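Residue-level listing of the chains:
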Amino acid sequence: MSSQQDVTELEKTIGRLRQERESKREIINAIQDGIVVFRPNLSIQISNDKAKALCAFESDEAKGFQNLPLFKNKKATIPFKLGAWLKSIKEAPCEDVVELDIWLRNPSSLLSTPLRFSGKPLFTKK
């Protein structure tokens, strides 16, 4: 096989992978629940439009998600540490989805909105 054929095959593969990635993004955005997928270091890998709308992400999605005003109660007096919760799920994985009801407080209106967070680590099998 010539190097030109190799380049052509590589370009086709890259195009196919881009198309698959875009299709997956369209599917995840069609889901009515907010979805955020984290990398092992807990940085955001992907989030859908619904998650961004629910949590009012800033332009910097990762920073906005880390700074969400989350609370364990409606009166917003007991802070909820999302990073610590995600880390605990990652470090003590189980087969079941871990769910938690929390409150997101709107800094402008000071109203709290209930949200249900569900988490489960997904590990790539090697």
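Keep in mind that what you see is a predicted model, and the values were worked out from it rather than measured. Counting from 1, residues in each chain are numbered in the order their sequence is written. A pLDDT threshold of at least 70 governs which residues receive local features in this predicted model, and a stricter bar of 80 or more applies before side-chain atom pairs are shown or counted, although totals over entire chains, interfaces and linings include all residues. Excluded from the side-chain calculation are hydrogens and water; included are all heavy atoms of the structure.

### Details of the nonpolar core
Threshold: Nine residue types can take part in a nonpolar core, namely buried Ala, Val, Leu, Ile, Met, Phe, Trp, Tyr and Cys, and a core is a set of them joined through side-chain atoms within 4.5 Å. Categorising residues by exposure relies on relative accessible area from a 1.4 Å probe, with only protein chains included: less than 20% of the type maximum marks a residue as buried, more than 50% marks it as exposed, and the intermediate range marks it as partly exposed. A run of DSSP states H or I qualifies as a helix once it reaches four residues; a run of E qualifies as a strand once it reaches two. Both are numbered from the N-terminal end. Contacts are assigned to residue pairs that have any heavy atoms within 4.5 Å of one another.
The biggest cluster of nonpolar side chains holds 12 residues, and these are Cys 55, Leu 68, Leu 70, Phe 80, Leu 82, Trp 85, Leu 86, Ile 89, Ile 102, Leu 104, Leu 115 and Phe 117. A total of four residues in this core trace back to one element, the largest contributor, which is helix H4 (residues 82-91). Excluding its chain neighbours within four sequence positions, the residues that come into contact with Leu 68 are Cys 55 and Leu 104.

### Here's the deal with the sheet that holds strand E5 (residues 112-119)
Counted only if it meets this: Pairing between two strands requires that DSSP report at least two bridges joining them.
Taken together, three strands build an open sheet; the order of strands is E3-E4-E5 and the sheet is antiparallel. The strands lining the two open edges of the sheet, one partner per strand, are strand E3 (70-71) and E5. Where strand E4 (residues 98-105) lies against E5, eight bridges are found, and the strand directions are antiparallel. Looking across to E5, one finds that Glu 99 is bridged to Ser 118.

### Topic: the packing of aromatic side chains
How we decide: Any two of the Phe, Tyr and Trp rings considered here, Trp counted by its six-membered ring, make a pair once their centres fall within 6.5 Å; the pair's planes then place it as stacked at under 30 degrees, edge-to-face at over 60, or tilted in between.
Here the structure, examined in full by the defined rule, presents two aromatic pairs. Pairing Trp 85 with Phe 117 gives two aromatic rings, centres 6.2 Å apart and planes at 50°, and the pair type is tilted. Separated by 32 residues along the polypeptide, Trp 85 in helix H4 and Phe 117 in strand E5 bring together distant segments of the chain. An identical accessibility class is assigned to Trp 85 and Phe 117; each is buried.

### Considerations on the side chain of Asn 48
Under the convention used in this document: In the analysis that follows, any N or O atom pair within 3.5 Å is treated as a polar contact, provided that within protein one partner can donate a hydrogen and the other can accept it, and provided that, for residues neighboring in sequence, both atoms belong to side chains.
Mapped onto the elements of the fold, Asn 48 is located in the loop between strand E2 (44-47) and helix H2 (49-55). Among the polar contacts made by the side chain of Asn 48, one reaches the main-chain carbonyl oxygen of Asp 33 at a distance of 2.8 Å. Every residue in contact with Asn 48, bar those within four places of it in the chain, is listed here: Ile 28, Asn 29, Ile 31, Asp 33, Gly 34 and Ile 35.

### Comments concerning the pattern of salt bridges
Quick reminder of the rule: Just to be clear on terms, a salt bridge is a Lys or Arg side-chain nitrogen sitting within 4 Å of an Asp or Glu carboxyl oxygen.
Applying the stated criterion to the full structure yields three salt bridges. Between Asp 101 and Arg 116 there is a salt bridge, with its nearest N and O atoms 2.7 Å apart. Placement of Asp 101 in strand E4 and of Arg 116 in strand E5 is noted, with a sequence separation of 15 residues between them.

### Focus: the environment of Gln 45
Note that Gln 45 resides in strand E2. Classification of Gln 45 by relative accessible area gives partly exposed; the value is 48%.

### Description of the side chain of Ser 112
Turning to its location among the elements, Ser 112 is positioned in strand E5. Judged by relative accessible area, which is 17%, Ser 112 ranks as buried. Polar contacts involving the side chain of Ser 112 include one to the main-chain carbonyl oxygen of Lys 74, which spans 3.0 Å. If near-sequence neighbours (up to four positions away) are discounted, Ser 112 is found in contact with Lys 74, Ala 76, Trp 103, Leu 104 and Arg 105.

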